[in-house]
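Overview (structure and organization)
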Amino acid sequence: MYPIGSGICLTMTCSDVCEIHNSTEMCVITSTTPSTKPNIPTCPEWDAVQNETFYLCDCTMARCIENNTIEIVPYECPPLQNITCANGKKPVLVYDEYHCCQQYVCDCECEGWGDPHYITFDGLYYSYQGNCTYILMEEITAKHHLKIYIDNVFCDPTEDVSCPRSITIAYGFQVVTLINHNLIGAPQLEVLKSGQKLKLPYAQQGIKIISSGINLIYEIPLLNVVVTFGMTGFSVNLPYQYFGSNTQGHCGTCNNNQADDCRLPTGELVENCAVMADYWPANDIYQPNCPTPPAVPTQVPEPPLEPTPCKPDSICDLLKSSVFAECHPLVSPDNFYRGCVFDSCHVSNPAVECTSLQTYAAACAQAGICIHWRNHTKICASDCPSDKVYKPCGPAEQPTCEDSADEPAVTFVTEGCFCPDGMKLFNKESGICVEKCGCLDPEGIPREFNEQFEYKCQDCICDEPTKTVICKPKTCPAPPTANCTDPGFVVVNQTNPADPCCYAYICQCNVNKCPVSSMNCPVGYKPVISVPEGKCCPQHTCEPKRVCVHKDVEYQPGSSVPANACQDCTCSNEVDPKSGLFKIVCVFQQCKETCEPGYEYVETNDYDCCGKCVQKQCVLNLNGTKHLLNEGQTWSPPENMCEHYTCMRSGDTLTALSSHIICPVFQQSNCQPDTIQTAANGCCKICVEIDKACKLVSMTTHVSHHGCRSTEPVEMPYCEGSCNTFTKYSEAAAAMEHSCSCCKEMRSSNRTVDLLCLNGDKVKHTYLYVEECSCGQTECTTAAGLSARRKRRSTLL
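Bear in mind the structure is a predicted one, so any value in this text is a computation, not a measurement.

One ladder, built from 6 bridges, connects strand E38 (residues 567-575) with strand E39 (residues 582-588); its direction is antiparallel. Across the sheet, residue cysteine 569 finds its bridge partner in E39, namely cysteine 586. Hairpin connection of E38 to E39: 6 residues between the antiparallel strands, including glycine 580 at a positive phi of 80°.

Set out below in structure tokens:
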């Protein structure tokens, strides 16, 4: 039994409607024209009337009866039954496949957001962190040739959580990809077809694509399919009428039964949709880095659900607050709250929480509840261009001046950036908001009908009958002539400054037409070339420099000028009003008759302006005290009789030369008691020495170094004598005790001597001078003795 469709009368022959094996079954209308007659048997009882034409109208049935009789009976529809949609949506009333009877069905809506969280067509919630391209939805049996892919990528630097980067929709022979290039922050949306960027809005070959600034909306009007994708995630809206019980993939089966949503490509069901999602990679897309799931699904326990957000400043609680209270009876916030809490605990960027609120607000908008929620947060602010305003609910396809009442519009509601109230888009392509419809000029500026304006030296008008801009060249008046008499000026034709679209004759300066002139300036002046205002040719003048001039020589300010004898002359900063140069200022020299100690003021010949200070004594400065010595006088400081200073003349200069008595090294320990006294020079000490003790022994020798040798023997004392050394038994240590000491230097200093080299050069050489010797403890080992000898040997070199 089959109905005949929807009020359309059909012309059939008996063989078109006969699909029976006996005369008591219902006849079936399976074609609309005889040319599409099915291959079915013919009723034996109808042979005589096989070619007779029947007219069947509305929802009626043909019934074959005996004796070549056909009964027409009305098709009875079953009573309407209310249903509850597992996805929480409101049931919709549709016709059955024969368009005769109505029934309630649940349309299919799949959503994904965050990192990412899914709600299947039947309302089942799960989270999945895959990092590949997967089949989001495909038909089990290809009827409308629709297939949707989702590309998920890792989007957090600290945890392996993923976000939807793009949606690819294959419909018929068209493949379109919706992409968000910025997963964290303001969206950067783009649409590609065959690798080429599409200019939006786009409407060709049965699909429409528009942008709200926040979301991309993809529509197949013939099938009432709407897919959105943006910074929040995605949504896929399919009518049950065309896709019911015929979908599979990440979005489930769309049959109002959550139990079979976790379906594998093989048809097998698993309990966890996060496990199922691994088995839907896009195998027709090359993905070498995508892991291959195990042949047998492994049930992985779902991570524990956090009851509350992990961040103290989380915005998740807004979902259950009074902000969304009006929507709670229509759309449950529970799944969106679960996703928000998950993001709060597993994603470092707090802005990801906004996706849960935005997705829930979008679901509320589809249910007819518009929520103004963004102004209740600090991190989910909208960002619209200056000529647009943000609206939480607006038409996905905004009204334009070109809208036609006959053209169906997208009824989908979305948030985004819209024209302010009282304005509409000029057209779908321009994106320009206007208060009154008219024309767009060549620069994209909206113009009202009959508005006149100038564009690129054309007089233009927005023509109302044609709704286009009509332009014609601008007419300019005849330019006035110009009289150019000043040197250098010539007549030229150029753009009129008062009207850039017209020309005028003006006098223009041409320096090549100026007379040749040159100028030489005197010393102290510089040539200056200037063009007076309103003139063309340069004028030459001499300007004074900032200098003084004396006998054709320039002097800078502050410098001395040799102008007059016995006068000190200086170039000043004072300007001579007559010449414009700086003045030379002179003062008589002041003779300085006060001399430093050791000098006397002496008058010279008559040609000199002043006398001079002549040295009469040597000046010796010791420890801040000055001593005056006459020529030839020798003096020693009382505290150091070994130092002698003698005043000697060298030309006109008296110089104090110092000499130093070098005493032999004196060791008081080498002296016999009560024998120490000062030598006759008042500098050195002498005594009667002890013969055998460790003592300082004087020695003079030539010093040689790198082929150079001292010209005179150099005093180089050394240590010689005996020291106490013993080995005896120690009762405390119960062993032999050793004690060794040697005669060695205790005090020494570095001295310098001049060496004469074979090439005649003199070089200075520093050697160690031993000043005091004494017995010192040393190790009683052969190595220690050798080391000590080496040390002494290196000291003498």
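After that view of the structure, there is still more to cover.
Our next topic: the pairing of strand E7 (residues 102-105). Note: strand E6 (residues 92-95) against E7, 4 bridges, orientation antiparallel. What sits directly across from tyrosine 95, in E7, is glutamine 102. Taken together, E6 and the strand that follows it, E7, pair antiparallel across an intervening segment of 6 residues, in which histidine 99 is found at a positive phi of about 60°.

What follows deals with the sheet that holds strand E30 (residues 458-463). Pairing is antiparallel across the open sheet formed by 3 strands, whose spatial order is E29-E30-E31. The open sheet has two free edges, formed respectively by strand E29 (452-454) and strand E31 (468-473), since each of these has just one partner strand. Geometrically, the sheet is characterised by an average inter-axis angle of 25° between neighbouring strands, direction not taken into account.

The subject of this paragraph is the nonpolar core. Residues Leu146 and Tyr218 are the most contacted members of the largest nonpolar core, which totals 49 residues. Among residues more than four places away in sequence, those in contact with tyrosine 218 are Ile169, Tyr171, Val176, Leu178, Ile207, Lys208, Ile209, Val225, Val226 and Val227. Grouped together as the second largest cluster of nonpolar side chains are 26 residues, Ile119, Phe336, Val341 and Ala363 included.

A word on the confidence of the model for the protein chain. For the protein chain, per-residue confidence averages 81 on the pLDDT scale, and residues scoring 70 or more make up 83% of the total. Contacts of residues 1-57 to residues separated by more than four positions or lying in other chains number 121 contacts, the stretch itself having pLDDT below 50. Low pLDDT, under 50, characterises residues 783-797; the predicted model gives this stretch 8 contacts beyond four residues in sequence or across chains.

Let us look at the sheet that holds strand E11 (residues 133-139). Strand order in the open sheet formed by 7 strands is E16-E15-E14-E13-E12-E11-E22, with antiparallel pairing between adjacent strands. Sheet topology places strand E16 (196-197) and strand E22 (247-248) at the edges, where each strand pairs with a single neighbour. Bridge analysis of strand E15 (residues 189-193) against E16 gives 2 bridges, and the strand direction is antiparallel. When the sheet's bridge partners are listed, leucine 192 is paired in E16 with lysine 197.

About the cut-offs
- Residues numbered from 1 in each chain as written.
- Predicted model: local features only at pLDDT ≥ 70, side-chain atom pairs only at ≥ 80, totals over all residues.
- Heavy atoms only, no water.
- Pairing = 2+ DSSP bridges.
- Helix = DSSP H or I, 4+ residues; strand = E, 2+ residues; numbered from the N terminus.
- Axes fitted to C-alpha atoms, helices over the stretch in contact; angles between N-to-C directions.
- Core = buried A, V, L, I, M, F, W, Y, C linked by side-chain atoms within 4.5 Å.
- Buried < 20%, exposed > 50% of the residue type's maximum accessible area, 1.4 Å probe, protein only.
- Contact = heavy atoms within 4.5 Å.
- pLDDT = per-residue confidence, 0-100.

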